[in-house]
Amino acid sequence: MNKHSAFKKKMIAHAVVVALGTLALLSVAAAQTTDAAATSAQKQADDNLPDLSKPVHRVEVTGSNIKRMDAEQASPVTVISKQEIQQMGANTLQEILVHVSQAVPDLVDSMSMFTGTEGATDANLRGLGPEATLVLLNGRRLSNYGTAYGGQYQFVNIDTIPVDAIERVEILTDGASAIYGSDAVAGVINVITKKSYNGAELHASGTAVPKTSNNHEYNIGGSFGFGDLATDKFNVYGTLNLFDREAVYQNQILNVLNPTWLHYNPTYIAGFHGKDGSAPDVINPGTQFTYTDAGTTINQPSPGCPTPVMPGSAAQQSSLNTVCALNSLALGNNWIPSSRRLNLFINGHYEFDNSMEGFIELSGTMVKLTTQLSPPNLYSGGNWSWYARNTGFNLNNFAFPYLSPTNPFNVVANNPALQGNMGGVAGLNYTLLDDPKFSRHIDTDDEYRIVAGLRGTLANNWDWESAITIAGTHGDLESQGYNPSPAGILAAFGPFTTVNTPSGAYQVISDHPAYQLGVTNANNLALMKQMFPYFSYESWDEIANWDGKVSGKIGTLSGGDVMMAAGANLNHESFSSPGAGNAANGQIAWQGGSWYQGSRSTEAAYAEILAPLTKKLEIDAAIRDDKYPDFANHIVPKVGIRYQVADSLVVRSTFSQGFRAPSLAESGTGGIYQQTVVNDPVRCAETNAIIATLSKSPNQQDVLTAQGLQSSSQCTGTVAGGITTPNPKLKPETANIANFGLIFNPVKQFDISADYWIIDRKNEIVQNNPNTLVANGSAQSPGGIPGVFVRGPLTIGDIAINNQVATACAATPSICAGGAPSYQYGNLAGVINSYINQTQSLVDGFDVNANAHVDLSGYGKLDFGWKATIKHRIESLGANPAWIGNQVGTYGTPRITGVFSTAWHYSDVDLSLMANYTGPQAILSAYPNGAFSDLASCEGNYNVTKTQCENGLASSLYWTGNVNWHPTAQVSLNLNVQNLFGHEPQYDPQAWMGINQFEFPYMSGRIYKLTANYKF
């Protein structure tokens, strides 16, 4: 039984246990319920409204374990309601976070291809990365995505959180490690689901993007609930949701590409041969090429070509440059992959008596992301080079061979005008069309989470709660048609031989290979599967957690009751990602072959006190002690002060320490194997000495050799194998976090809050600088240090240069007065790296939140909202003891991001507008954040003007409109239009396809979403 099957069985077993537990609760409830079906539809509606005659109960808010009368606390919390989510037109949590000013764009599933975390979406508050943002569901943790972000950070895939079940989203933009432990540095995103629900409803929505004629999204779901906690003592509530997004193909986005970007890339569309190329179901024998002695490339169509095309303008066209055009737009390459998600969420509550309640949560998600790729292509001389973990530091190389002069498919050898080039040898550019849909990535992410617990009230009115959480994730990246197998290509086109010509030696395929060029058949398809084989990369993440806490009154001060909470937590987590075997063994051309293994058990205890010193002054203090197996107890405090200056003015402030424990990818076993570019001081010094000597030689050939060495990479970076291994001695990242703000509420209809925040994060976990490792190691032992770096032997080329220097010195001794220089050490073969605690980041700024409400009497009500984040500093301290300058306002880091919203509620119609603002970004900056360092370097680029260099990117503003009509209590219709005014993103010379990351969601023009909802 493989591990995938074991995971599935474990998931099913857990689900069965919970289902049986739920049935048991329901059986008890049914035995005690005498009239569960007597509730009328009117009573169901009334039960969903607050009963103002009852006393206000204390409630728990994100960022505190103490229930309180007033939801306002010292830490700022933004609450996004179900109605606001509807106004956004959001299908996922990521689409909700687009409208949160503190959130920064990062990993999104639709643009996650080839990241190693395909199909996932993360949350990134303050721009400190997903590792600094804690994501919770009903106040408890979720399992992480199956693979690590960048091979290092573990994070929650927020696409697995069922939006249908969301009652609200609470976003704490303050440190909270003293409450929740690791990761709560930039903030906490706590998704709150409905506690109870009666009735049933169905909804369906469809999204259309007219400019792409595709990009459709469909969402179908239902909710159900039965039982009344007040009368029946139980309630069961659940949602089931299916989300489907159609793929967007390359040919469907041509009319939304930025015109300025196309101006600078004039051959982009023509290069696809959409109008003059052959269709995928037509045999295309490819194009052959040869090089003249002057280095000019000459192209000729292979025999039987249906679509010979001479590229370029009429003046540039020549019969000696003709290709066999293939319509690659029709090959199905995805711009955005298709995605299908199934989300299930069920919770059940049963009141044993007035003092104790049992609860169960069951959630499961299945995500499947399918990326269609272009069919594989073979190009003579095209080289694949890769490192693999089981082949040591030897660089694996493979280049597809050429056609020999005697190959019957060779058209160059039979052309008198061309056969003199390369001795009649021809290169081949050939696309394998035996199955045009063969190449694809399929990423699956299966997650489950079970929470079961009890909560209640003790005789002294203290509240208590205890629960067990079991959660797991299984991810699998399946790929074929993308990574070649040298053995498979040899089986299809071998045996390979070498042809010596006046132009050089060329490796050539068999004149009669097993794979038949110019035809498609079953045998070819079987060989194609050998050449570009299937592989699977699986990973697992699992957690088991117990938590328990109590809270209640411990005394009384002049301001009111002194409340306390205390609790403990036991957690076990494991992470396994063994990698793909054929990649690890170097059998396919795939960089690396990452693998991880790790597990740990942790313990934590915490306490919190809320003390109202006076009617106006309240202090909240918390402390938490976390024990991890690899480092000493980590204790973090938090103190908050809330002062009511006047009836309309509150001042608040917090100080806390936060931390992030090293992930299991950073501290377990395994590593990432990949090529790296390293400066080699030893070879650089040897090369410079040889250049200096040969440059003084009277022999012209020696001078030419010296000039060739000057343009080599010996002093600019050597490509070597690199492995980054986890480090069990890592310490946690730590942070000092502070917040100071005020809330001004002069009238009931208006309030505004402003908060200054600062985060100083230290001991950041990063990869050690390979240049530093090699430089320090070379000073100690130039030939290499085991476990640090290794060198290969001297190459034939090295020995030849040493002989050439010796000959030059013998012929002209004066040029070698200090002795004949030579290569004593081989090139770097590999660098063994690891993670270390090294860097530091300092970020600060302001958050502003204003809300206004206007009663229009007989014409309804108007609501206005404005949320903005104003960054002040983003500075970092690297390996060198000097701070890197402030990045705010530079490329990728706008100073201001904000969201404005307005809504009109009248009768059975709700109209709303929402605007997302992003401030300007300089592309000319001293800070190397993807920008140009000076005006000259900026203007020297072909794709940017002087004006753009000086002005950078302008601010952007995008509107979302929403109309909700609820003609009856059972029916509602909702129309949402994103990018309401069809604004086209500005040209960004630095960005992929010329679209800035903040504007990328809007590049396709208006997006329409229609939703229908029916309540039974």
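Relevant structure appears above.
Criteria and cut-off values
- Residues numbered from 1 in each chain as written.
- Predicted model: local features only at pLDDT ≥ 70, side-chain atom pairs only at ≥ 80, totals over all residues.
- Heavy atoms only, no water.
- Buried < 20%, exposed > 50% of the residue type's maximum accessible area, 1.4 Å probe, protein only.
- Helix = DSSP H or I, 4+ residues; strand = E, 2+ residues; numbered from the N terminus.
- Arc of directions from axis to C-beta.
- Polar contact = N/O pair within 3.5 Å; in protein donor to acceptor, adjacent residues only side chain to side chain.
- Contact = heavy atoms within 4.5 Å.
- Expected span 1.5 Å × (residues − 1).
- Pairing = 2+ DSSP bridges.
- Salt bridge = Lys/Arg side-chain N within 4 Å of Asp/Glu carboxyl O.
- Axes fitted to C-alpha atoms, helices over the stretch in contact; angles between N-to-C directions.
- Phe/Tyr/Trp six-rings, centres within 6.5 Å; stacked < 30°, edge-to-face > 60°.
- Disulfide = S-S within 2.5 Å.
- 1 Å grid on protein atoms, 1.4 Å probe; cavity = no way out; pocket = protein on both sides within 12 Å on 5 of 7 lines; lining within 4 Å.
- Points joined across faces, edges and corners; volume = space filled by probe spheres on them.
- Nonpolar A, V, L, I, M, F, W, Y, C, P; charged D, E, K, R; others polar.

Visitor: Help me get a handle on helix H12 (residues 700–710), residues and values and all.
Guide: For H12, the full list of buried residues reads Asp702, Val703, Thr705, Ala706 and Leu709. Buried positions in H12, seen along its axis, are confined to an arc of 160° and lie on one side of it.

Visitor: Just give me the short version of the side chain of Asn996, but keep the residues and values in it.
Guide: Relative to the assigned elements, Asn996 resides in the loop between strand S42 (971–978) and strand S43 (1007–1015). Residue Asn996 is classed as buried on the basis of its relative accessible area of 1%. Here Asp988 takes part through its side chain, which lies 3.0 Å from a polar atom of the side chain of Asn996. Dropping the residues within four chain positions of it, Asn996 is found in contact with Tyr891, Gln921, Leu953, Asp988 and Ala991.

Visitor: Which residues make up helix H14 (residues 796–811), and what values go with them?
Guide: In a regular helix each residue adds 1.5 Å, so 16 residues correspond to 22 Å; H14 covers 23 Å between its end C-alpha atoms and thus fits that length. Those residues of H14 lying buried are Asp798, Ile801, Asn802, Gln804, Val805, Ala808 and Cys809. End-on view of H14: buried residues confined to an arc of 160°, all on one side of the axis. Across H14 from its buried face, at more than 90 degrees, point the exposed residues Ile796, Thr807, Ala810 and Ala811. Where H14 is buried, its residues meet helix H11 (681–695) and H12.

Visitor: Quick one: what's the story with the pairing of strand S33 (residues 733–747), residue by residue and with numbers?
Guide: Inspection of the sheet shows strand S30 (residues 649–660) paired to S33 by 12 bridges, in the antiparallel sense. When the sheet's bridge partners are listed, Phe659 is paired in S33 with Thr734. Both S33 and strand S34 (residues 750–767) contribute to a ladder of 12 bridges, which runs antiparallel. In the sheet register, Asn739 faces S34, and the bridge partner there is Trp757. Between the antiparallel neighbours S33 and S34 lie two residues.

Visitor: So what's going on with the pattern of salt bridges? Residues and values would help.
Guide: Counted by the stated rule, this structure contains 26 salt bridges. With a shortest N-O distance of 3.7 Å, Glu984 and Lys211 are connected by a salt bridge. Taken together, the residues span a long stretch of sequence, with Glu984 in the loop between S42 and S43 and Lys211 in the loop between strand S6 (199–209) and strand S7 (214–226) at a distance of 773 residues. Judged by relative accessible area, Glu984 falls into the partly exposed class, the value being 49%. With a relative accessible area of 32%, Lys211 lands in the partly exposed category. Each of the salt bridges in this network shares a partner with another, and the network as a whole consists of Arg140, Lys195, Glu357, Arg455, Glu465 and Asp547.

Visitor: Please set out unusual backbone geometry residue by residue, giving values where relevant.
Guide: Residue Pro495 is bonded to the preceding Gly494 through a cis peptide linkage, with omega at 0°. Of note, Met422 is a non-glycine position whose phi angle comes to about 55°, a positive value. Looking at where Met422 falls in the secondary structure, it is placed in the loop between strand S19 (396–399) and strand S20 (427–431). Even without glycine at this site, Asn461 takes up a positive phi of about 70°. Along the chain, Asn461 turns up in the loop between strand S21 (440–457) and strand S22 (463–480).

Visitor: An account of the sheet that holds strand S17 (residues 377–379) is requested, with residue identities and associated values reported.
Guide: Judged by pairing direction, the sheet is antiparallel, and its four strands sit side by side in the order S11-S10-S20-S17 without closing on themselves. At either margin of the open sheet sits one strand with a lone partner, and together these are strand S11 (297–301) and S17. Direction aside, the axes of adjacent strands within the sheet are offset by 20° on average.

Visitor: Before we move on, can you summarise the packing of aromatic side chains with the specific residues and values?
Guide: Taken as a whole and judged by the stated rule, the model has 30 aromatic pairs. When the ring of Phe400 is compared with that of Phe493, the centres are 5.3 Å apart and the planes differ by 85°; the resulting orientation is edge-to-face. Residue Phe400 is found in the loop between S19 and S20, and its partner Phe493 is found in helix H7 (residues 486–493); the two are separated by 93 residues along the sequence. A relative accessible area of 2% means that Phe400 is categorised as buried. A ring pair is formed by Tyr628 and Phe659, whose centres lie 6.3 Å apart and whose planes are at 85°; its orientation type is edge-to-face. Highlighted residues: Tyr628 in strand S28 (residues 617–628) and Phe659 in strand S30, separated in sequence by 31 residues. The same class applies to Tyr628 and to Phe659, which are both buried.

Visitor: How would you summarise the sheet that holds strand S5 (residues 187–193) if you had to cite specific residues and measurements?
Guide: The mixed open sheet is built from five strands, whose spatial order is S1-S4-S5-S2-S3. The open sheet has two free edges, formed respectively by strand S1 (77–81) and strand S3 (140–141), since each of these has just one partner strand. Direction of pairing for strand S4 (residues 166–172) relative to S5: antiparallel, over a ladder of six bridges. Within S5, the position partnered with Ile171 by the bridge is Ile189.

Visitor: Account for the state of the cysteines, with residues named and values stated.
Guide: Summed over all chains, the structure comprises three disulfides. Here Cys305 is linked by a disulfide to Cys324, with a sulfur-sulfur distance of 2.2 Å. Because the sign of the S-S torsion sets the handedness, a value of about 105° for the bond joining Cys305 and Cys324 places this disulfide among the right-handed ones. Here the residue Cys305 occupies a position in the loop between S11 and strand S12 (308–309), and Cys324 occupies one in strand S13 (residues 323–324), the gap between them amounting to 19 residues. Assessed through its relative accessible area of 17%, Cys305 is described here as buried. Note that Cys684 is cross-linked by a disulfide to Cys715, the S-S spacing being 2.1 Å.

Visitor: Talk me through empty space enclosed by the protein; I want residue IDs and the actual numbers.
Guide: It is the rolling of a water-molecule-sized probe over the atoms that shows where space remains empty. Within this structure, the stated rule accounts for six cavities of 30 Å³ or more. Considering the residues around the largest cavity, the lining is formed by Gly63, Gln73, Ala74, Ser75, Ile179, Glu608, Asp620, Ala622, Lys638, Val639, Gly640 and Thr654. Taken together, the elements giving at least two residues each to the lining of the largest cavity come down to S28 and strand S29 (631–646). The greatest single-element share of the lining of the largest cavity, amounting to three residues, is contributed by S29. Here the lining of the largest cavity is built from residues that sort into four nonpolar, five polar and three charged. Each pocket or cavity is described by its volume, and for the second largest cavity that value is around 80 Å³. Lining of the second largest cavity is provided by Leu137, Leu142, Ser143, Thr160, Ser363, Gly364, Thr365, Glu447, Tyr448 and Arg449. Secondary-structure elements contributing two or more residues to the lining of the second largest cavity are strand S16 (356–372) and S21. For the lining of the second largest cavity, the residue count by class is three nonpolar, five polar and two charged.

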